[in-house]
Amino acid sequence: MDLFSLRNRKAIVTGGCAGLGWAIAEGLAEAGAEVVLMDISPDVGDAAERLHAQGAQAHAVHADLADRAQLAEGFAQALQQLGGRLDILVNNAGVLFRHKAEDFPIEDWDRVVNLNLSSVFLLSQSAARVMIPQGRGKIINVASMLSTFGGILVCAYAASKGGVALLTKALGNEWASKGINVNALAPGYMDTALNAALKLDSTRSEQILERIPAHRWGTPQDLKGAAIFLASDASDYLSGAMIPVDG
């Protein structure tokens, strides 16, 4: 199982305080990685302590990744905590606002695109500048099923996640020859705070369940295996892929 081992690997997981990001960070730590959680939540330190209590090497960075100054400072702080080496970057942090497209506030659009797409590029760029001299690295972006079919009432989110899907391919094309694998996960309907409004809408929730062959909403734990695969040597010849984890 050494093919899937992350022993002595160093990772950053954005949005790692809760939900999908926490499960991914926990999975990487369980596979042996040292992990920095980057999150806007003031509870990020407590989350790192929970990982530490499980026997992992874990650190916390508090930053709003939609703010470019905080993003740059946060990445530098995380890299310092990892001793200047970075093997795995998971771009998970994201936000979603629901409005009719004709009424979508531009400030909400900007917030979504800045966090969900621009921060993914900027952090990937910063990571690549570390990984290229190392000759290897893994970048895992969290896309969405909405990357391909758009959804309703979430035009900014869908546009940003569509961008993540193609950014994954573009960066994979450029960096595969340098030993950096750039791939994405595309979660389906997950039982997280981001989808709480959908879960509470009995009509929409039933419509969603009818479309899922597994007949259940996903959980954050369902992402662990795919994330470990993309972070490990097992995926060394995979580049630009978007793996659906959607039941």
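Everything in this summary refers to the structure shown in the same document.

Right, let's get into the layout of surface pockets. What the largest pocket holds in volume is close to 980 Å³. Around the largest pocket, the lining comprises 47 residues; the ones closest to its centre are Gly 94, Leu 96, Tyr 157, Thr 192 and Leu 194. For the lining of the largest pocket, the secondary-structure elements that each account for two or more residues are helix 1 (19-30), strand 2 (34-39), helix 4 (106-134), helix 5 (146-149), helix 6 (155-175), helix 7 (196-200) and helix 8 (202-211). A total of 3 residues in the lining of the largest pocket trace back to one element, the largest contributor, which is helix 1. Its residues placed into classes, the lining of the largest pocket shows 28 nonpolar, 11 polar and 8 charged.

A few words now on helix 4. Over its 29 residues, helix 4 extends 40 Å from the first C-alpha to the last, a length consistent with the 42 Å expected when each residue adds 1.5 Å. Immediately downstream of helix 4, the backbone of Gly 135 shows phi near 85 degrees, a positive value.

Quick look at helix 2 (residues 44-53) now. Looking only at helix 2, the buried set comprises Val 44, Ala 47, Ala 48 and Leu 51. End-on, the buried residues of helix 2 take up no more than an arc of 100 degrees, which puts them together on one face. With respect to the buried face of helix 2, the exposed residues turned more than 90 degrees away are Glu 49 and Ala 53. In this structure, the buried residues of helix 2 make contact with helix 1, strand 2 and strand 3 (58-62).

Axis separation between helix 1 and helix 9 (residues 224-231) bottoms out at 9 Å; the angle between their running directions is 55 degrees. In terms of orientation, helix 1 lies oblique with respect to helix 9. Note that helix 1 runs across helix 9; the crossing there is right-handed. Within the contact between the two elements, helix 1 uses Ala 23, Ile 24, Glu 26, Gly 27, Leu 28 and Glu 30 and helix 9 uses Lys 224, Ala 227, Ile 228 and Ala 231. Its residues placed into classes, the contact of helix 1 with helix 9 shows 6 nonpolar, 1 polar and 3 charged.

What follows concerns the nonpolar core. Core analysis: the largest hydrophobic core is formed by 35 residues, its most contacted members being Ile 12, Leu 65, Phe 75, Leu 86 and Ile 139. Taken together, the elements giving at least two residues each to this core come down to strand 2, helix 3 (68-81), helix 4, helix 6 and strand 6 (180-187). Broken down by element, the residue count for this core peaks at 8 residues, all from helix 4. With residues near it in sequence (within four places) discarded, Leu 86 still touches Lys 10, Ala 11, Ile 12, Phe 75, Leu 79, Ala 127, Val 130, Met 131 and Gln 134. Judged by nonpolar contacts, the second largest core, of 33 residues, contains Leu 20, Ala 29, Leu 37 and Val 245.

As a further point, take the pattern of salt bridges. Per the stated rule, a full pass over the model turns up 11 salt bridges. Arg 85 is paired through a salt bridge with Asp 87; the nearest N and O atoms lie 2.8 Å apart. Given the relative accessible area of 31%, Arg 85 is considered partly exposed. The salt bridge partner of Asp 222 is Arg 216, with a shortest N-O separation of 2.9 Å. On the basis of relative accessibility, which here comes to 30%, the residue Asp 222 falls in the partly exposed class.

Before going further, it helps to spend a moment on the side chain of Asn 141. Note that Asn 141 resides in strand 5 (residues 137-142). Take Asn 141: its relative accessible area is 0%, and that puts it in the buried class. At 2.9 Å, the side chain of Asn 141 forms a polar contact with the side chain of Asn 91. Discounting chain neighbours no more than four positions away, the residues touching Asn 141 are Asn 91, Val 120, Ser 124, Val 164, Thr 168, Val 182, Asn 183, Ala 184 and Leu 185.

How each quantity is defined
- Residues numbered from 1 in each chain as written.
- Predicted model: local features only at pLDDT ≥ 70, side-chain atom pairs only at ≥ 80, totals over all residues.
- Heavy atoms only, no water.
- 1 Å grid on protein atoms, 1.4 Å probe; cavity = no way out; pocket = protein on both sides within 12 Å on 5 of 7 lines; lining within 4 Å.
- Points joined across faces, edges and corners; volume = space filled by probe spheres on them.
- Helix = DSSP H or I, 4+ residues; strand = E, 2+ residues; numbered from the N terminus.
- Nonpolar A, V, L, I, M, F, W, Y, C, P; charged D, E, K, R; others polar.
- Expected span 1.5 Å × (residues − 1).
- Buried < 20%, exposed > 50% of the residue type's maximum accessible area, 1.4 Å probe, protein only.
- Arc of directions from axis to C-beta.
- Contact = heavy atoms within 4.5 Å.
- Axes fitted to C-alpha atoms, helices over the stretch in contact; angles between N-to-C directions.
- Parallel < 35°, antiparallel > 145°, perpendicular 65-115°, else oblique.
- Left-handed = near helix turned anticlockwise from the far one by under 90°.
- Core = buried A, V, L, I, M, F, W, Y, C linked by side-chain atoms within 4.5 Å.
- Salt bridge = Lys/Arg side-chain N within 4 Å of Asp/Glu carboxyl O.
- Polar contact = N/O pair within 3.5 Å; in protein donor to acceptor, adjacent residues only side chain to side chain.

By themselves, these figures tell us nothing about what the structure is for.
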